[in-house]
Amino acid sequence: MGILEGKNILVTGITMNTSIAYSVARIAAEEGATVIVTNFGRAMSLTNRVIQKLDPVPPLVELDVTDEEHLTRLPDLVREHVDHIDGVVHSIAFANPETAFADGFLTTGWPDVAQSLQISAYSLASLTMACKPLFGESASVVGLDFDNSVSWPVYGWMGVSKSTLQSVSRYLARYLGPEGVRVNLVAAGPLDTLAKRAIPGGEAFNEVWAERAPLGWDSKDYDAAGKAVVALLSDWFPRTTGEIVHVDGGMHSTGA
């Protein structure tokens, strides 16, 4: 019996098989979960193609976390496949690669900053609240993070968005804990995902991690973070909430 046996898990953000979310969906199914996947717009066709590699192939529902209508109808769409949700995986982030990263930080306009904050951070709250009617006596929400306790070169406003995501997760943990909802983040090191490729100069992170992570680092090991997410979705962390679990080879603990 797997650690997610009998649980229903909603996974957002699968576009390629080179993603943490894809690993989460695959491992969760292997651990006994029924998985439901979301995406929206033109990405739906990419997601549909990728999830055909999963066994069983999970249902795909449309969800744009910036669209209130989509958020409102989400419970009904999910109920077409399962009657409740035990876990939610937030794997959603975006910042304009032409303005919000690298040296553009000091000149990025508010519309681009607001877009990054809404999609990358506020959506953790909006997604959680959209799913809340589907929760039972307990539920686990897990978001994907990149540790932003310090500033990073080239990361720009996405760094600020990740700091905001961390704060959002703590406040969700505070307000939803009495209702049995745990909210945690997994902060992975730099992985060769579609999102990282969109960051100008993002490959420099690999060099830093290769040099300083005590456990070493493999930028193509998506399963390490995927396993951590699945563990947090399970019943093995019943009193853990508001936490950031680092899956970064120990880089976060290492000074110069």
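What you see is a predicted model; the values in this text were computed from it and never measured.

**Examining the UniProt feature "binding site: NAD(+)" (unreviewed entry) in the protein**
Then comes step 1: UniProt's entry tags Gly13, Ser19, Ile20, Asp64, Val65, Ile92 and Lys162 with the feature "binding site: NAD(+)" (unreviewed entry), counted in the numbering of this structure.
Then comes step 2: Within the secondary structure, Gly13 sits in the loop between strand 1 (8-12) and helix 1 (20-30).
Then comes step 3: Of the residues examined, Gly13 reaches a relative accessible area of 27% and is grouped as partly exposed.
Then comes step 4: Setting aside residues up to four positions removed in sequence, Gly13 forms contacts with Ala21, Thr38 and Ser91.
Then comes step 5: Mapped onto the elements of the fold, Ser19 is located in the loop between strand 1 and helix 1.
Then comes step 6: Using a relative accessible area of 11% as the deciding quantity, one classes Ser19 as buried.
Then comes step 7: If we skip the residues at most four places from it in the chain, Ser19 touches Thr193 and Tyr222.
Then comes step 8: Within the local environment of Ser19, its side chain forms a polar contact with the backbone oxygen of Met16, the two atoms lying 3.1 Å apart.

**Looking at the sheet that holds strand 3 (residues 60-62)**
Then comes step 1: Read from one edge of the open sheet, seven strands run 3-2-1-4-5-6-7, paired in parallel fashion. Of all the strands in the sheet, just strand 3 and strand 7 (244-247) have a single pairing partner and so form its edges. Here the average twist between neighbouring strands, direction ignored, is 20 degrees.
Then comes step 2: Against the sheet, helix 2 (residues 43-50) makes contact with strand 2 (34-39) and strand 3, and its axis sits at roughly 170 degrees relative to strand 3, the strand it touches most.
Then comes step 3: Against the sheet, helix 3 (residues 68-79) engages strand 1 and strand 3, with an angle of about 155 degrees to strand 3.

The rules we used
- Residues numbered from 1 in each chain as written.
- Predicted model: local features only at pLDDT ≥ 70, side-chain atom pairs only at ≥ 80, totals over all residues.
- Heavy atoms only, no water.
- UniProt positions renumbered as here; feature names shortened; annotations may be inferred.
- Helix = DSSP H or I, 4+ residues; strand = E, 2+ residues; numbered from the N terminus.
- Buried < 20%, exposed > 50% of the residue type's maximum accessible area, 1.4 Å probe, protein only.
- Contact = heavy atoms within 4.5 Å.
- Polar contact = N/O pair within 3.5 Å; in protein donor to acceptor, adjacent residues only side chain to side chain.
- Pairing = 2+ DSSP bridges.
- Axes fitted to C-alpha atoms, helices over the stretch in contact; angles between N-to-C directions.

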